[in-house]
Amino acid sequence: MKKILNTIINIVMFTFIFLSIVTHLGAKEKLFITKDNIKILDQFITVCNN
């Protein structure tokens, strides 16, 4: 039972890592913060415990 559980956990972890790498490599659009788009991003930024 323990061996089956370890196998399942290994498969899930491998799949997660593989999909993370593929998603990162497949990203076509990169975000660069400029003066033009900082106002759009500002609504999503909050400062806590400053």
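Residues numbered from 1 in each chain as written. Predicted model: local features only at pLDDT ≥ 70, side-chain atom pairs only at ≥ 80, totals over all residues. Heavy atoms only, no water.

**Student:** How do you make sense of the overall build of the chain when you look at a structure like this?
**Tutor:** Each helix and strand counted, the chain has two helices and zero strands in total. Going through the 50 residues of the chain one by one, you find that 2% of them count as buried. On the chain, roughly 5600 Å² of surface is accessible, and the fraction owed to carbon and sulfur atoms is 68%. (Helix = DSSP H or I, 4+ residues; strand = E, 2+ residues; numbered from the N terminus. Buried < 20%, exposed > 50% of the residue type's maximum accessible area, 1.4 Å probe, protein only. Areas by Shrake-Rupley, 256 points an atom, 1.4 Å probe, with all protein chains shown as cover.)

**Student:** Looking at this model, I keep getting lost on a nonpolar patch on the surface. Mind explaining?
**Tutor:** Taken together, the side chains of L5, I9, M13, F16 and I17 make up a nonpolar region of the molecular surface, amounting to roughly 510 Å² of accessible area. Of note, I9 is situated in helix α1 (residues 2–26). (Patch = residues over 30% accessible without salt bridge, like charges linked within 9 Å, V, L, I, M, F, W, Y side chains within 5 Å. Salt bridge = Lys/Arg side-chain N within 4 Å of Asp/Glu carboxyl O.)

**Student:** Help me out: how do you make sense of the packing of aromatic side chains in this one?
**Tutor:** The description of an aromatic ring pair rests on the distance of the ring centres and on the angle between the ring planes. In the structure shown here, the tally under the stated rule is one aromatic pair. Residues F14 and F18 carry aromatic rings whose centres are separated by 6.3 Å and whose planes lie at 15° to one another, so their mutual orientation is stacked. With a gap of four residues between them, F14 and F18 both fall in helix α1, about one helical turn apart. Given the relative accessible area of 45%, F18 is considered partly exposed. (Phe/Tyr/Trp six-rings, centres within 6.5 Å; stacked < 30°, edge-to-face > 60°.)

**Student:** Any chance you could explain the side chain of N37 here in plain terms?
**Tutor:** Assignment of secondary structure puts N37 in the loop between α1 and α2 (38–42). Engagement of the side chain of N37 in a polar contact is seen with the backbone nitrogen of T34, the distance being 2.8 Å. (Polar contact = N/O pair within 3.5 Å; in protein donor to acceptor, adjacent residues only side chain to side chain.)

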